[in-house]
Amino acid sequence: MTPPAEPDTQRIPVRYWIWLFGAVVSLLGDLTMTFAIGWSASRHGGQVAGLVLLVAAAPRAALLLIGGAVGDRYGAPKVLLASCVAMFAVTTALVPTTLAVGEPVSLLLITALVVGVIDAFFLPASRSMPRLLVQPELIPRALASFQVTGVVFAVTGTAVGGVLVAWSGLTAAAGFDALTFAVMIVVLISLRNTPAGATGPRTGMFRAILDGVKVAFGRPLTRALLITMTLAAGLLMPLDGLLLPLLARDHGWSASTAGLLVASRSVGVGVIALRILARGAFPRPGMFAALGMVLAGVGLLGLSTLDPLPLAFLAGVVSGIGVGTFTGHVLPLLMNSVEREYLSRLQSVVVLCQSLALVVMNPILGTFADLDGVRITGVCLGVGALSVLIGLLALTRPILRNATVT
């Protein structure tokens, strides 16, 4: 993409920046909470950790299509606000509960279940907001601005998350997450009168869901992007919540060190996001997305084999650069591939595919990590190698290799 004479970021509406502030603050709490749950679950072994993550992913997968249809029918901002209020209530209640009973497996499972249900409505609505607030040609830069600001909060969040967990476990993380959702609620209330685009037609719920699925899988480019993102999700999304905590324990690293390791990947994502924000996406986003997948796998191979912390952090940055290159080019391609009235439903299909990948991969990876004679290092090596292979296969697909943002 040739950079315009005037920076596109100057024309991004102020309302988007207001929403972005609330979104990245909420992300800060989410990252802290996700790390806390993964760390608490990993104390009970790989199988329990995989089960907890499965319990979060399963209800999310079951309800996502309904959540997407509700978002298109009633408007993403309203559904997002309701979801944030629900999450604020859950995280607030979790503070006295953990103080009273600690962090038993049963509580981790219940928390994962409730969060998974809310996420089914939160995620499609949240992911639709950038497209509703900015013009299509500004999507790459708008998403890059989210990644840049998100990285600042992500690095802080994962580092602070490790410190909070080391200090007071899930109790501190839940209280912190509740505060960030309170900020997001205030932001969304301030934007409540903002027209965010027409909602979908008042057809039956089943018909609305079916129409969304047909749009998502009926277009060749959208279908190819969905398949690639699903494969990437199954391999790369379990890293922060499952594999890296187990890898840190295998190396004898502390919770705070594990948090910094997760944060190093966010730094890599931020490097690419800054480039896209300043100069726009690369000319052939489909091709660079595939190359990003290859680089993400190479970085994970380094994380799996390097024991000195400085080198492990460097490998995390390389992996993050790959992830940032992949997502920074795939997401705009996908978001601009459908009309506005299908945005929440498309995002629900995307998250559903990713959730199904997690439903399959979290317990598999957790079980492999617990097998006699198999170390978590070997599991991470396998994931890294498969990521490289998927990126190379994507490069052979002309529809992906030649795709451009319209």
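Criteria and thresholds
Residues numbered from 1 in each chain as written. Predicted model: local features only at pLDDT ≥ 70, side-chain atom pairs only at ≥ 80, totals over all residues. Heavy atoms only, no water. Helix = DSSP H or I, 4+ residues; strand = E, 2+ residues; numbered from the N terminus. Rg over C-alpha atoms; globule rule 2.2 N^0.38 Å. Buried < 20%, exposed > 50% of the residue type's maximum accessible area, 1.4 Å probe, protein only. Areas by Shrake-Rupley, 256 points an atom, 1.4 Å probe, with all protein chains shown as cover. Lys, Arg positive; Asp, Glu negative; His and termini not counted. Charge placed at Lys NZ, Arg CZ, Asp CG, Glu CD. Phe/Tyr/Trp six-rings, centres within 6.5 Å; stacked < 30°, edge-to-face > 60°. Lys NZ or Arg CZ within 6 Å of the ring centre and 35° of its normal. Axes fitted to C-alpha atoms, helices over the stretch in contact; angles between N-to-C directions. Contact = heavy atoms within 4.5 Å. Nonpolar A, V, L, I, M, F, W, Y, C, P; charged D, E, K, R; others polar. Parallel < 35°, antiparallel > 145°, perpendicular 65-115°, else oblique. Left-handed = near helix turned anticlockwise from the far one by under 90°. Expected span 1.5 Å × (residues − 1). Patch = residues over 30% accessible without salt bridge, like charges linked within 9 Å, V, L, I, M, F, W, Y side chains within 5 Å. Salt bridge = Lys/Arg side-chain N within 4 Å of Asp/Glu carboxyl O. Polar contact = N/O pair within 3.5 Å; in protein donor to acceptor, adjacent residues only side chain to side chain.

Caption draft 1: Expanded view of the overall build of the protein. Counting its secondary structure elements, the protein contains 14 helices and zero strands. Along the protein, helices (α) and strands (β) appear in the sequence α-α-α-α-α-α-α-α-α-α-α-α-α-α when read from the amino end. For 406 residues, the compact-globule estimate of 2.2 N^0.38 gives 22 Å, and the protein sits close to it at 20 Å. Relative to its full complement of 406 residues, the protein shows a buried share of 56%. With an accessible surface of roughly 15,800 Å², the protein has 71% of that area assigned to carbon and sulfur atoms. The averaged location of the 16 negative side-chain charges in the protein is 9 Å from the averaged location of its 25 positive side-chain charges.

Caption draft 2: A look at the packing of aromatic side chains. By the definition in use, this model includes five aromatic pairs. When the centroid spacing of 6.3 Å and the interplanar angle of 75 degrees are considered together, the rings of Phe122 and Phe181 count as edge-to-face. Residue Phe122 is found in helix α4 (residues 105-133), and its partner Phe181 is found in helix α5 (residues 139-190); the two are separated by 59 residues along the sequence. For the pair formed by Phe122 and Phe181, the shared burial category is buried. Ring pairing ties together the aromatic residues Tyr16, Trp17, Trp19 and Phe146, which thus form one cluster. The side chain of Arg249 reaches across the aromatic face of Trp39, ending 4.0 Å from its centre.

Caption draft 3: Representation of the packing of helix α1 (residues 14-42) against helix α2 (residues 46-74). Across the interface, α1 lies against α2 with an axial gap of 7 Å and an inter-helix angle of 145 degrees. Each of Ile37, Ala41 and Ser42 in α1 lies in contact with α2, whose residues at this interface are Val48, Ala49 and Val52. Taken together, the residues of the contact of α1 with α2 break down into five nonpolar, one polar and no charged.

Caption draft 4: Looking closely at the packing of helix α9 (residues 255-279) against helix α11 (residues 309-335). Interhelical geometry of α9 versus α11 gives an angle of 40 degrees and a closest axis separation of 6 Å. Relative to α11, the element α9 lies oblique. As for how α9 packs across α11, the hand of that crossing is right-handed.

Caption draft 5: Region of the structure containing helix α13 (residues 376-395). In a regular helix each residue adds 1.5 Å, so 20 residues correspond to 28 Å; α13 covers 29 Å between its end C-alpha atoms and thus fits that length. Along α13, the residues classified as buried are Ile376, Thr377, Val379, Cys380, Val383, Gly384, Ser387, Val388, Ile390, Gly391, Ala394 and Leu395. Tucked inside the fold, the buried residues of α13 contact α7 (220-236), α8 (238-251), α10 (285-305), α12 (343-370) and α14 (398-401).

Caption draft 6: Structural context of the environment of Thr327. By the secondary structure assignment, Thr327 is in helix α11. Separated by 49 residues in sequence, Thr327 and Ile376 place their C-alpha atoms 26 Å apart. Thr327 has contacts with Gln147 and Pro332, leaving out every residue within four places of it along the chain.

Caption draft 7: Representation of a nonpolar patch on the surface within the structure. On the surface, a nonpolar cluster with roughly 290 Å² of combined accessible area is contributed by Ile110, Leu113, Val114 and Val117. Here Ile110 lies in helix α4.

Caption draft 8: Quick look at the pattern of salt bridges. All chains considered together, the criterion is met by four salt bridges. A salt bridge links Asp119 to Arg60; the shortest N-O distance between them is 3.4 Å. One end of the pair, Asp119, is in helix α4; the other, Arg60, is in helix α2, with 59 residues separating them in the sequence. Owing to a relative accessible area of 15%, Asp119 belongs among the buried residues under this scheme. For the salt bridge of Asp72 with Arg345, the shortest nitrogen-to-oxygen distance reads 2.8 Å.

Caption draft 9: Region of interest: α10. Here α10 is 21 residues long and its end C-alpha atoms lie 31 Å apart, about the 30 Å a rise of 1.5 Å per residue gives. Of all 21 residues making up α10, 15 are buried, and the element is well covered by its neighbours.

Caption draft 10: Quick look at the environment of Val114. If you trace the backbone, Val114 turns up in helix α4. Distance in space between the C-alpha atoms of Val114 and Arg60 is 9.4 Å, their sequence separation being 54 residues.

Caption draft 11: The arrangement of the side chain of Ser304 in detail. With respect to the secondary-structure elements, Ser304 resides in helix α10. Within polar-contact distance, the side chain of Ser304 engages the backbone nitrogen of Leu381 at 3.4 Å. Beyond its immediate chain neighbours, meaning those up to four positions away, Ser304 contacts Thr377, Cys380 and Leu381.

Caption draft 12: The arrangement of the environment of Val165 in detail. For Val165, the location among the structural elements is in helix α5. Val165 sits 60 residues away from Val105 along the chain, and the two C-alpha atoms are 16 Å apart. Residues contacting Val165, with those up to four places away along its chain left out, are Phe35, Ala36 and Trp39.

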